[in-house]
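Report on the structure
For reference, the chains in residue letters:
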Amino acid sequence: QMQLVESGGGLVQAGGSLRLSCAASGRTFSRYAMGWFRQAPGKERVLVTAITSTGGNTYYADSVKGRFTISRDNAKNTVTLQMDNLKPEDTAVYYCAAAPAPAYATSNTRAYDYWGQGTQVTVSS
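In this report, we go over the structure that sits alongside the text. Bear in mind the structure is a predicted one, so any value in this text is a computation, not a measurement.

Observations regarding the pairing of strand β4 (residues 32–39)
Among the eight residues that make up β4, seven are buried, leaving the element largely enclosed by the rest of the structure. For β4 and strand β9 (residues 92–100), the ladder comprises eight bridges, and the chain directions are antiparallel. By the bridge assignment, W36 is partnered in β9 with C96. Here five bridges tie β4 to strand β5 (residues 46–51), and the two strands are oriented antiparallel to one another. Looking at the pairing, G35 lines up with A50 of β5. With antiparallel pairing between neighbouring strands as the criterion, β4 and β5 make up a hairpin whose turn holds six residues, including G42 at a positive phi of roughly 80°.

Rules behind the numbers
Residues numbered from 1 in each chain as written. Predicted model: local features only at pLDDT ≥ 70, side-chain atom pairs only at ≥ 80, totals over all residues. Heavy atoms only, no water. Buried < 20%, exposed > 50% of the residue type's maximum accessible area, 1.4 Å probe, protein only. Helix = DSSP H or I, 4+ residues; strand = E, 2+ residues; numbered from the N terminus. Pairing = 2+ DSSP bridges.

Here it is in structure tokens:
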């Protein structure tokens, strides 16, 4: 089993920044690609960004390109999402998820074995 715990959500004004962190424990973190999903009320959960197990490749949804940055530290078992220039449409619950390598950047939620509990991000206009 792997446990994922997100932190860093909150309320921010449009144009502001937030930094989300996801701490992993219980499994070999470096064997898993990681993704950040988000789910707005009444909408499906969608992939926002992903990073390979080694951190060598990243993926971003068009809606967040140039504003969000994903990174990971395999020595600390953490993955981070830096969100800049936030917009009201970024408001959602954000989840980190782990998929066993070589899976990477798939939007299929069933490919991810482990999920965090989610953290709320609210962007006011």
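Alright, that's what it looks like, and here's the rest.
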